[in-house]
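# Structural characterization, general
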Amino acid sequence: KSLALAQAQSRQETVKSLLETLDETKEDRASLLARIVKEDEVIDLLSRIVSLGREERVTLTTDALTVEPLNEIFETLVIKLSAEGSYAAVVRTLTLLEQLPYQSTMHNVLLVSEGEIWKGTFELRVTKAKKI
C-alpha cells in the first residue's frame, strides 16, 4: 500500500509541476504562436506585402508561392518576389520585409541597377502552421 501511495503522490506532484510550468509559460507560448502564420492568414500576409511595397513606392510582385513541409505541425511558406523602384525604396522595402512580425527569413536576394531604376528578386520564407 505504501508503494502505491508513494507512486500516486509522485504522479500528483508531477501533474502539479506541469500545470505550474504551463501557467508560467503561457505568455511566452502565446507570443511564439503569434509569430506563426496560420492558414487563414496567408492571403492577408500576401496583401500586406504588396501594400508595403506600394507604401514605399516599389512595385512588388509575387512571382511564386510554394509550401515546403517542416514537420507534422509546421511548414514553410516560400514567397518569391520581384521588386522595382529606386535603390533606397527597394532596400527600405527589403528591410521592412525582414522585420515582419512572423518567424521569417530572407533568401537569394539579388539587386540589379537599370539606371535610376533598381530591380530585385528575393525569396521570403515564413513559418506557417499546417492546415489541420
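This one's a predicted model, so the numbers in the text were calculated from it and none came from an experiment.

Within the chain one finds four helices and four strands. Secondary structure elements in the chain, listed N-terminal to C-terminal, are α-α-α-β-β-α-β-β. Expected size for 132 residues packed as a compact globule is a radius of gyration near 14 Å; at 22 Å, the chain overshoots this value by more than 25%. Here the chain holds 132 residues, and 27% of them are scored as buried. At a minimum sequence separation of 6, the contacts of the chain that also span at least 24 residues come to 61%. Looking at the chain as shown, the accessible area adds up to about 9,200 Å², and 55% of this sits on carbon and sulfur atoms. Within the chain, one finds 17 positive and 21 negative side-chain charges whose respective centroids are separated by 5 Å.

The next thing to look at is a nonpolar patch on the surface. On the surface, a cluster of nonpolar side chains totalling about 280 Å² of accessible area is made up of V15, L19 and L22. Structurally, L22 can be placed in helix α1 (residues 2-24). The exposure class assigned to L22 is partly exposed, which follows from its relative accessible area of 45%.

In an α-helix there are 3.6 residues to a turn, and that puts residues three or four apart on one side. Compared with an ideal rise of 1.5 Å per residue, which puts twelve residues at 16 Å, helix α4 (residues 87-98) spans 17 Å between its outermost C-alpha atoms and is within 8% of the ideal. A89, V90, T93, L94 and L97 are the residues of α4 that are buried. The arc that holds the buried residues of α4, viewed along the axis, is 135°, so those residues lie on one side. Those residues of α4 that are buried lie in contact with α3 (42-55), β1 (59-69), β2 (74-85), β3 (104-114) and β4 (117-129).

The pLDDT averaged across the chain works out to 86; a share of 93% of its residues lies at or above 70. Across the chain, β2 holds the top mean pLDDT of 93, while helix α2 (residues 26-34) sits lowest at 65.

Below, the discussion takes up the pairing of β1. Direction of pairing for β1 relative to β2: antiparallel, over a ladder of ten bridges. Bridging from a neighbouring strand, P69 pairs with E75 of β2. Between β1 and β2, which pair antiparallel one after the other, the connecting turn spans four residues.

Glancing now at the packing of α3 against α4. When two helices pack together, their arrangement is captured by the angle between the axes and the distance separating the axes. Close contact between α3 and α4 brings their axes to 9 Å; oriented N to C, the two are set at 150°. The interaxial crossing formed by α3 with α4 has right-handed handedness. On α4, the residues that touch I49, L52 and G53 of α3 are T93, L96 and L97. Looking at the contact of α3 with α4, its residues break down into four nonpolar, two polar and no charged.

In spatial order, the strands read β1-β2-β4-β3; together these four strands make up an open sheet with antiparallel pairing. Lying at the two open borders of the sheet, with one neighbouring strand each, are β1 and β3. Between one strand axis and the next, the sheet turns by 15° as a mean value, whatever way the strands run. Sheet analysis places β2 next to β4, joined by twelve bridges and oriented antiparallel. When the bridges of β4 are listed, E84 appears paired with K119. Packing against the sheet, α3 makes contact with β1, β2 and β4, and its axis sits at approximately 20° to β2. Sheet contacts for α4: β1, β2, β3 and β4; angle to β3, the most-contacted strand, approximately 175°.

Calculation criteria
Residues numbered from 1 in each chain as written. Predicted model: local features only at pLDDT ≥ 70, side-chain atom pairs only at ≥ 80, totals over all residues. Heavy atoms only, no water. Helix = DSSP H or I, 4+ residues; strand = E, 2+ residues; numbered from the N terminus. Rg over C-alpha atoms; globule rule 2.2 N^0.38 Å. Buried < 20%, exposed > 50% of the residue type's maximum accessible area, 1.4 Å probe, protein only. Contact = heavy atoms within 4.5 Å. Areas by Shrake-Rupley, 256 points an atom, 1.4 Å probe, with all protein chains shown as cover. Lys, Arg positive; Asp, Glu negative; His and termini not counted. Charge placed at Lys NZ, Arg CZ, Asp CG, Glu CD. Patch = residues over 30% accessible without salt bridge, like charges linked within 9 Å, V, L, I, M, F, W, Y side chains within 5 Å. Salt bridge = Lys/Arg side-chain N within 4 Å of Asp/Glu carboxyl O. Expected span 1.5 Å × (residues − 1). Arc of directions from axis to C-beta. pLDDT = per-residue confidence, 0-100. Pairing = 2+ DSSP bridges. Axes fitted to C-alpha atoms, helices over the stretch in contact; angles between N-to-C directions. Left-handed = near helix turned anticlockwise from the far one by under 90°. Nonpolar A, V, L, I, M, F, W, Y, C, P; charged D, E, K, R; others polar.

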